[in-house]
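# Geometric and topological summary
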Amino acid sequence: MRAREIMLMLAGAAILLPQTLVADDETPQSSDCGLAQELSPRDQRMQWWREARLGMFVHYGLYSGLAGVYQGKRAGGEWIQCNVGADTDSYAAEALPLFKPEPGWPEKWVDLAKEAGCRYAVFTSKHHEGFAMFNTATSDYNSVKVAGRDFAKEFADACRSRGLRVGFYHSVIDWHHPDYDNTICPDLCYPKGQALMLQEKGIPRNQDSYCKYMHSQVRELMAQYGPVDVMWWDYSQGAAEGDRAWKATELVKMCREINPGVIMNNRLFNAYSLEGQKPEEFGSEEVRGDFYTPEKCVPASQDAVHDWETCLTVGHHWGYSINDGNFKSPSKVIQTLQECVSKGGNLLLNIGPRVDGSIPEHTVEVFRRLGAWMKVNGEAIYGSKPVLGTELSDDVWMTMVWDDVYVFLPPMVEETPSVPEIPAAPEETAAAVEAAEGDEPENAEEEYYVLRFPGNLFDAIAPQILGQPDCRVEMRRVEESGGDEHAVFLELRIPYSAWDNAVEGLPVLKLANNS
């Protein structure tokens, strides 16, 4: 028998262990007495989001028509105005004639989200370029005036009709409005041409006036398209944050008054992560945000204390660009989702539609193949919690849903990488042989992937590979002794055929807990 042995360590030790697995909080997920646990207002509004685990991000705006090219030069994606340094008049002259959306696409975006297994979706109501994708009385620089389309309404209606929660991304930065004062933080990106134009025309900056404008737009979003489930702010830097730049306390209060259940990220303040923030400040339900937002990355370790969401592109850019590349495979996206939920977070996966509304083919393929995997393995994702204190080797991730444990098994590769080995015992006692519950399993000729848990980690029964009822997983207890040490392991032998039959070659092992 040739086997690949993987050791699961808990809190850095393989022998001295707690008696049971622990999920990401100390409160049980169910109660025998049948009494509903009392939740704080913040926990109440976060409950659906914590169970959803997967959402779609949609970046669509004037930049979509430019497709990463400005006056014949390659210049990025959604940041193209700043990258080329264009003032808003020059930018609009290039972009507006190209903005020709076709009907019906917001519904198709949401259909793809639904197919992929997403439970919520977030749409760019206004990106940094300042062009509103909704019906606003504050400015003519919007999709209704230009193209006769209220994309916020079309998107929200499509989400609700398909059972998805509705979110809006809204940029507090604005490269169009003349009152917006980027000098509060000179390092915060701003088109050089826009600054020069305002200077030449003698137009003063007035951040108080801009905040009134920005708050009015947000009020329209809250009132016209509600209930809004998520407000995804973007973004703060340096001194351009909080009350000084955005009148954040007032803004959050207004949103909650209109939509009491709305949840918000932390980007009204200068924080993509928890660095520089006190946890109690981050967790404030009034201002600091309900969740933090690592961008294009996953935290290095588990964080079950704070709510967080990784936002991720399929390629490099958020908005559509003909120059995009470095596309992620479906397998890579699925593994990122597995890592996120195993560490206690959500994944918000982006699409950047073309200007007509169509979605690039590779992005469609990634979402559909993710959906195929979710149809088989979604029970390991939705409502899951991380298993605290586990240090998993070889990209093996774990979640818990109620009392069941799910192990996301790593992909097989042609050349098996080196993996941690269990230290060899100087001698094997008779007890070790007796505890093996017999000789080699019946199908000893088959090659196995061997997974070992510390024996007192939990009482597992009924091992199975999701979606593969005929796949037999062998399970036995093994004792090993050497010197003064004695270790007990729960050993599972998974046939390699599980990978051959798994969607995207990524099988999930389910272990019921006999408790």
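Residues numbered from 1 in each chain as written. Predicted model: local features only at pLDDT ≥ 70, side-chain atom pairs only at ≥ 80, totals over all residues. Heavy atoms only, no water.

Residue-level pLDDT values for the chain average 85, and 82% of them are 70 or greater. Every residue in residues 9–20 scores below 50 in pLDDT, and together they form 27 contacts with partners more than four places removed in sequence or on other chains. (pLDDT = per-residue confidence, 0-100. Contact = heavy atoms within 4.5 Å.)

Glancing now at the packing of helix α5 (residues 105–116) against helix α14 (residues 361–377). The N-to-C vectors of α5 and α14 enclose an angle of 35°; their axes lie 7 Å apart at closest approach. For the pair α5 and α14, the contacting residues are Leu 112, Glu 115 and Ala 116 in the first and Val 364, Phe 367, Arg 368, Leu 370, Gly 371 and Met 374 in the second. (Axes fitted to C-alpha atoms, helices over the stretch in contact; angles between N-to-C directions. Helix = DSSP H or I, 4+ residues; strand = E, 2+ residues; numbered from the N terminus.)

As summarised here, the arrangement of the 5 strands in space is β11-β13-β14-β19-β16, forming an open sheet in which the pairing is antiparallel. The open sheet is flanked by β11 (385–386) and β16 (460–465), the only strands paired with a single partner. Across 4 bridges, β16 lies against strand β19 (residues 508–513) in antiparallel orientation. Bridged to Ile 461 within β19 is Ala 512. (Pairing = 2+ DSSP bridges.)

For helix α13 (residues 330–342), which comprises 13 residues, the first-to-last C-alpha distance of 18 Å matches the rise-based estimate of 18 Å (1.5 Å per residue) to within 8%. Counting buried positions over the 13 residues of α13 gives 12, a clear majority of the element. Here α13 has its buried residues at Pro 330, Ser 331, Val 333, Ile 334, Gln 335, Thr 336, Leu 337, Gln 338, Glu 339, Cys 340, Val 341 and Ser 342. (Expected span 1.5 Å × (residues − 1). Buried < 20%, exposed > 50% of the residue type's maximum accessible area, 1.4 Å probe, protein only.)

Turning our eyes to something else, we now look at the pairing of β19. For β19, the buried fraction is high: 6 of the 6 residues fall into the buried class. Neither face of β19 is left uncovered, since the one carrying Val 508, Lys 510 and Ala 512 and the one carrying Leu 509, Leu 511 and Asn 513 both have all their residues buried. Bridging between strand β14 (residues 404–408) and β19 involves 4 bridges; their strand directions are antiparallel. Of the residues in β19, the one forming a bridge with Phe 408 is Val 508.

We now examine the pattern of salt bridges. Inspection of the entire model under this criterion finds 27 salt bridges. Measuring nitrogen to oxygen at the nearest pair gives 3.6 Å for the salt bridge that ties Glu 115 to Arg 368. Of the two residues, Glu 115 sits in helix α5 while Arg 368 sits in helix α14, which places them 253 residues apart along the sequence. Residue Glu 115 is classed as partly exposed on the basis of its relative accessible area, which comes to 33%. With relative accessibility at 47%, the residue Arg 368 sits in the partly exposed group. For the salt bridge of Asp 229 with Arg 165, the shortest nitrogen-to-oxygen distance reads 3.1 Å. With Asp 229 in the loop between α9 (207–224) and β7 (230–234) and Arg 165 in strand β6 (residues 165–171), the pair connects residues that are 64 residues apart, well separated along the chain. (Salt bridge = Lys/Arg side-chain N within 4 Å of Asp/Glu carboxyl O.)

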